[in-house]
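Structural features, examined
Given next are the chains, with one letter for each unit.
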Amino acid sequence: AVQAGLKVAGTHGFYAQAWGSSVEFAPQTRAATEIDLTAGWSGALNADAALDLSVTRYLYPSAAADLDWTEVSATLTWREQYWVQIAHANDALASGATGTYAQIGARVPLNERIRLEGAAGHYRLARTSGYADYTHLQLGAVWAVAAPFELRLTLHDTDAAAERDFGTWAGTRVEAAVQATF
């Protein structure tokens, strides 16, 4: 996938960002692009903790069906290494039903250039969504090659419920990425 993002932040913690990616969903949806538009606020609660509150609109402009949906989320970060996130949508995954997502994660530096990252998340979806609740895990290694470039290698995995609902889009996979932040 080809991905790009832009974030503009103000002096009082308010921000807006846009992120886009090429995607490939079920052929009948013809979705080839995802664009996420986010507005939010983030700031320090004290010397160790920070809070990020946001609203994200997920858009699929090329899709044959209406796949767009909106999610609100809150992320609490501790010492820039550990986080807990909760998100909610009234139209989760464009299903017409509610869904709540929770994630915990950690970022552990091994040295100045290499860190490990891991996260576990669970999506609880209303029975009327047509989807089962599912869990995913990710483990990764990040190497800060030279500013602004990082190399990432991430293992993603989902449970059997995700595989039943989403077929080949779920399951185990390895992602390799080059990321640049300017």
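For the structure itself, consult the block above.
Described in the following lines is the structure provided in the data block.

Rules behind the numbers
Residues numbered from 1 in each chain as written. Predicted model: local features only at pLDDT ≥ 70, side-chain atom pairs only at ≥ 80, totals over all residues. Heavy atoms only, no water. Helix = DSSP H or I, 4+ residues; strand = E, 2+ residues; numbered from the N terminus. Contact = heavy atoms within 4.5 Å. Polar contact = N/O pair within 3.5 Å; in protein donor to acceptor, adjacent residues only side chain to side chain. Phe/Tyr/Trp six-rings, centres within 6.5 Å; stacked < 30°, edge-to-face > 60°. Buried < 20%, exposed > 50% of the residue type's maximum accessible area, 1.4 Å probe, protein only. Lys NZ or Arg CZ within 6 Å of the ring centre and 35° of its normal. Pairing = 2+ DSSP bridges. Axes fitted to C-alpha atoms, helices over the stretch in contact; angles between N-to-C directions. Salt bridge = Lys/Arg side-chain N within 4 Å of Asp/Glu carboxyl O. Core = buried A, V, L, I, M, F, W, Y, C linked by side-chain atoms within 4.5 Å.

Here Glu-34 is to be found in strand β3 (residues 33-44). Sequence-distant contacts of Glu-34, that is, excluding residues within four places in its chain, are made with Trp-19, Gly-20, Ser-21, Val-23, Tyr-58, Leu-59 and Tyr-60.

With respect to the helices and strands, Arg-124 occurs in strand β8 (residues 114-125). In this structure the C-alpha to C-alpha distance between Arg-124 and Thr-135, which are eleven residues apart in sequence, comes to 8.8 Å. Setting aside anything within four residues of it in sequence, one finds Arg-124 in contact with Thr-98, Gly-99, Thr-100 and Asp-133. Engagement of the side chain of Arg-124 in a polar contact is seen with the side chain of Asp-133, the distance being 3.4 Å.

Further remarks concern the packing of aromatic side chains. On inspection of all chains with the given rule, the structure shows five aromatic pairs. Relative to Tyr-123, the ring of Tyr-101 has its centre 5.5 Å away and its plane inclined at 55°; by these criteria the two rings are tilted. Within this pair, whereas Tyr-101 is found in strand β7 (residues 99-109), its partner Tyr-123 is found in strand β8, the two being separated by 22 residues in sequence. Both residues of the pair, Tyr-101 and Tyr-123, count as buried. Measuring from ring centre to ring centre gives 5.9 Å for Tyr-123 and Tyr-134, while their planes differ by 40°; the resulting arrangement is tilted. With Tyr-123 in strand β8 and Tyr-134 in strand β9 (residues 134-146), the pair connects residues that are eleven residues apart, well separated along the chain. The buried category is assigned to Tyr-123, whose relative accessible area is 5%. Overall, Tyr-134 belongs to the buried group, its relative accessible area being 13%. An aromatic cluster of three or more residues is present, and its members are Tyr-101, Tyr-123, Tyr-131, Tyr-134 and Phe-166. The ring of Tyr-15 has Lys-7 sitting right over it, with the charged end atom 4.3 Å from the ring centre.

Here we take up the sheet that holds strand β1 (residues 3-9). In a beta sheet, neighbouring strands pair by backbone hydrogen bonds and run either parallel or antiparallel. Strand order in the open sheet made by the eleven strands is β1-β2-β3-β4-β5-β6-β7-β8-β9-β10-β11, with antiparallel pairing throughout. In this open sheet, the two strands that pair with only one neighbour each are β1 and β11 (173-180). Put simply, the sheet's adjacent strands are angled 20° from each other on average, direction ignored.

As a further point, take the pattern of salt bridges. Under the definition given, this model contains seven salt bridges. The closest approach of N and O atoms between Asp-48 and Arg-79, which form a salt bridge, is 3.5 Å. Highlighted residues: Asp-48 in the loop between β3 and β4 (49-59) and Arg-79 in the loop between β5 (69-78) and β6 (82-89), separated in sequence by 31 residues. Asp-48 gets classed as partly exposed once you look at its relative accessible area, which sits at 28%. The partner of Arg-115 in a salt bridge is Glu-150, with the nearest N and O atoms 3.1 Å apart. With Arg-115 in strand β8 and Glu-150 in strand β10 (residues 149-158), this residue pair connects regions lying 35 residues apart in the sequence.

Attention now moves to the nonpolar core. With 18 residues, the main nonpolar core has Tyr-60, Trp-69, Tyr-123 and Tyr-134 as its most contacted residues. When contributions to this core are tallied by element, the ones reaching two or more residues are β6, β8 and α1 (160-166). Sorting elements by how many residues they give to this core places α1 first, with three residues. The residues contacting Tyr-60, other than those within four sequence positions of it, are Phe-25, Thr-33, Glu-34, Leu-67, Asp-68 and Trp-69.

Let us look at unusual backbone geometry. Along the chain, Ala-147 connects to Pro-148 via a cis peptide bond; the corresponding omega equals 5°. Even without being a glycine, Arg-30 presents a positive backbone phi close to 55°. Note that Arg-30 resides in the loop between β2 (14-22) and β3. Not every positive phi belongs to a glycine, and Leu-93 is a case in point at roughly 55°.

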